[in-house]
Amino acid sequence: MHQRKAALAGAAHLEFVSGVVQLRPEDAMFDAMLRGWRAQQKSRGLRDETVEDRERLIRRFVEAANEHPWQWTPAHVDEWSLALTGEKRLAPATIRSYQGTVRLFSEFLIDGRYGWGPTCEDAFGTFPVAVRHEWNTIAHLNDYEGNPEAKPFAREQLQLLLDYADDQAERAVRAKRKGALAAHRDATLFKVIYGWGLRRTETSKLDLVDFGRNPQARQVGRYGTLNARYGKAKKGQPPRRRNVLSVMDWAVEAVADYVENVRPRFGSPTTLPCGSPSAEGACSPARSTTGPSPTSTPSGCRENSPRTRTSRT
């Protein structure tokens, strides 16, 4: 009795046409595999960026192994991982992420529901096998795998950074230089990052409408809460939203001063979809003008901030 093939997104019979003579059959099969994997991931709602990054990594692995997926063995993963560790000196977390991508692609190919195994065997006399195992991949044993030299700002370092940013704005005003508004914007962005504990992407996507009132903090007016619309997303998923309460009065004062006295001078409409336009009227993320240490980060100091000066324009 003939068994009907399941029309799963990414199935071999949907991506690879059998019975047709290909000029480069190996390359045609590999491209069909990637198309199928892309369709399978898109059907799960993964973002284009995630899918494209994974595809580029698989192509790099094919180039490093010099073999197509139906010819891969665990030894290819061993050699590739050794090169990533010894030659490129990548971080263990990065290598494990790469190995995970290879595992996902390999599992897709050997999954019987998609039919890539029999398709490869009919075409080349061999089929894909699992190449990633516990004994040839980096285990995730520690919760934190970052650089041990990285540390949060001390209060004194943070004060120096914010004071320096304020000084840059004041110096530009006194010198009547063109960059005075941009310097004031950057100084305010540093305070926003710290005052509300935001990430870089969250900060660069801010709009004035993201601020709202908090009935429990009427003294800060319209800046009682901040709706971060571009929070860190789970892998392959859209950004997550989160609401952050305003707890630092000095940060609220800095934002209010910027919105009332500085932002209108950029000459941009109030509907500009960014809370911090650049001098050219485009959205611009916070950028560091200097820093006490390249391995220091303000993300670790989110409470009990020192009082910062208010820039004058």
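Summarised in this report is the structure supplied together with it. It should be emphasised that the depicted structure is a prediction, and the values quoted were computed from it without experimental measurement. (Residues numbered from 1 in each chain as written. Predicted model: local features only at pLDDT ≥ 70, side-chain atom pairs only at ≥ 80, totals over all residues. Heavy atoms only, no water.)

In this section: the side chain of Thr 203. Tracing the chain through its elements places Thr 203 in helix α9 (residues 200–204). The exposure class assigned to Thr 203 is buried, which follows from its relative accessible area of 0%. Here Thr 203 is in contact with Leu 189, Ile 193 and Leu 198, once residues within four sequence places are set aside. (Helix = DSSP H or I, 4+ residues; strand = E, 2+ residues; numbered from the N terminus. Buried < 20%, exposed > 50% of the residue type's maximum accessible area, 1.4 Å probe, protein only. Contact = heavy atoms within 4.5 Å.)

Turning our attention to the environment of Thr 119. Looking at the element boundaries, Thr 119 is found in helix α6 (residues 116–124). Separated by 102 residues in sequence, Thr 119 and Val 17 place their C-alpha atoms 10.0 Å apart. Residues within four places of Thr 119 in sequence aside, it is in contact with Ala 12, Phe 16 and Met 29.

Our focus in this paragraph is the sheet that holds strand β2 (residues 211–212). Strand order in the open sheet formed by 3 strands is β2-β3-β4, with antiparallel pairing between adjacent strands. Lying at the two open borders of the sheet, with one neighbouring strand each, are β2 and β4 (240–245). Note: strand β3 (residues 225–231) against β4, 5 bridges, orientation antiparallel. Its bridge partner being in β4, Thr 225 is matched across the sheet by Leu 245. (Pairing = 2+ DSSP bridges.)

Let us look at the nonpolar core. With 30 residues, the main nonpolar core has Trp 196, Leu 198, Tyr 223, Leu 226 and Val 255 as its most contacted residues. Secondary structure elements with two or more residues in this core: α7 (155–175), α8 (180–196), β3 and α10 (249–262). Counting residues per element, this core draws most heavily on α10, which supplies 8 residues. Beyond its immediate stretch of four places on either side in the chain, Leu 198 contacts Val 192, Ile 193, Thr 203, Leu 206, Leu 226, Ala 228 and Arg 242. Membership of the second largest hydrophobic core comes to 29 residues, among which are Ala 32, Val 62, Trp 70 and Val 102. (Core = buried A, V, L, I, M, F, W, Y, C linked by side-chain atoms within 4.5 Å.)

We now examine α6. Among all positions of α6, only Trp 116, Gly 117, Thr 119 and Cys 120 are buried. Looking straight down α6, one finds that the buried residues subtend no more than 165° of arc, so they occupy a single side. Contacts made by the buried residues of α6 are with α1 (12–15), α2 (25–43) and α5 (92–110). Of the residues flanking the end of α6, it is Gly 125, one or two places downstream, whose phi is positive at about 80°. (Arc of directions from axis to C-beta.)

Right, let's get into the packing of aromatic side chains. Going through the model one piece at a time under the given rule, you end up with 10 aromatic pairs. On the numbers, 5.6 Å between centres and 75° between planes, the contact of Trp 196 with Phe 211 is edge-to-face. Remark: Phe 211 occurs in strand β2 and Trp 196 occurs in helix α8; sequence separation between them is 15 residues. Each member of the pair, Trp 196 as well as Phe 211, carries the same accessibility label: buried. Among the aromatic residues, those joined into a ring-pair cluster are Trp 37, Phe 61, Trp 72, Trp 80, Tyr 98 and Phe 105. One cation-aromatic arrangement involves Lys 205 over Tyr 230; the distance from NZ or CZ to the ring centre is 5.5 Å. (Phe/Tyr/Trp six-rings, centres within 6.5 Å; stacked < 30°, edge-to-face > 60°. Lys NZ or Arg CZ within 6 Å of the ring centre and 35° of its normal.)

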